[in-house]
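# Analysis of the macromolecular model
Read off the chains here:
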Amino acid sequence: MKRIAESSGELAWWQSSAWRRDCELREGSDLLATLRWQSAFQAAALAESADGAWKFKLEGFLFRQWVRIEVEGSEESAIFQAQPSLNGILEYGDGRAFYWDSNFWLTKWIWSNEQELECMRVQRSLTLKAEGGVTIDSTFLARPEIPLLTLLGWYVIMLLTDIRPG
């Protein structure tokens with residue numbers, strides 16, 4: 001796999017199979033990351049890239065939901081506190097925070113940092129398969145948080161749009 005920091009920052013998410021929710025992040029023919037669901041009926045997934053691996057799990061109920069994020073092979077963790085629309089805030093244990101906001105139509109999302117600078121823009125295509133584009137601001141491309149933001153953002157979009165096999 002190619003590291004996200006080694007990319008141009010113009011990436012695409014593709015559903016790897018019409019029969020599963022699993023997705024791949026690509027730059028042209030280069031594979032950068034995968035998002036694999038543990039089961040078709042659970043909101044738990046494994047996200048992997050050359051930069052690391054994370055486990056995502058949606059927890060809570062209705063208006064009080066969050067995504068627990070575990071870093072594979074580490075004690076480090078983070079929490080994404082979700083609003084009912086699944087906009088929200090990613091909070092690291094050391095106090096760093098990133099904000100996830102969408103447009104009204106739920107077709108475009110933005111990750112921004114604490115200074116309200118846009119780090120990344122994600123746009124989901126309005127198709128039956130899970131497809132979308134990712135544009136990472138070049139000033140943030142090499143930041144260590146970018147791989148997690150890229151994968152977590154798509155995980156949240158998949159939860160929100162409830163893409164299921166057909």
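Preceding this paragraph is the structure being described.
Attention in this report is confined to the structure presented alongside it.

Conventions and cut-offs
Sequence positions are assigned chain by chain, starting from 1 and proceeding in written order. Given that this is a predicted model, residues contribute local features only at a pLDDT of at least 70 and side-chain atom pairs are listed and counted only at 80 or more, while totals for whole chains, interfaces and linings are drawn from all residues. The basis for the side-chain values is all heavy atoms of the structure; hydrogens and waters are excluded. A run of H or I in DSSP counts as a helix once it spans at least four residues, and a run of E counts as a strand once it spans at least two, with each numbered from the N terminus. In this setup the radius of gyration rests on C-alpha atoms only. A globule is expected at 2.2 Å times the number of residues raised to 0.38. Exposure is judged per residue with a 1.4 Å probe applied to protein chains only, and the accessible area is read against the type maximum: over 50% gives exposed, under 20% gives buried, and values in between give partly exposed. In what follows, residue pairs with any heavy atoms lying within 4.5 Å of each other are defined as contacts. Strand pairing requires that DSSP identify at least two bridges connecting the strands.

Along the protein chain, the regular secondary structure elements total one helix and 12 strands. Taking 166 residues into account, the globule formula puts the C-alpha radius of gyration at 15 Å, and the protein chain, at 14 Å, falls close to it. With the C-alpha coordinates aligned to their principal axes, the bounding extent of the protein chain is approximately 40 × 40 × 35 Å. Burial status across the protein chain gives 45% buried among its 166 residues. Contacts in the protein chain between residues at least 24 apart in sequence constitute 38% of all its contacts with a sequence separation of at least 6.

Across five bridges, strand E10 (residues 108-113) lies against strand E11 (residues 118-124) in antiparallel orientation. Looking at the pairing, serine 112 lines up with glutamate 118 of E11. Between E10 and E11, which pair antiparallel in sequence order, lie four residues; one of them, glutamate 116, sits at a positive phi of approximately 65°. Bridge analysis of E11 against strand E12 (residues 131-136) gives five bridges, and the strand direction is antiparallel. Paired with arginine 124 across the strands is glycine 132, a residue of E12.

Within strand E2 (residues 23-27), four of the five residues are buried, which leaves the element mostly enclosed by the surrounding structure. Note that strand E1 (residues 10-15) and E2 share four bridges and pair antiparallel. Looking at E2, one finds that tryptophan 13 is bridged to leucine 25. Summarising the sheet, E2 and strand E3 (residues 30-37) pair through five bridges and their orientation is antiparallel. Bridging across to E3, cysteine 23 finds its partner in leucine 35.

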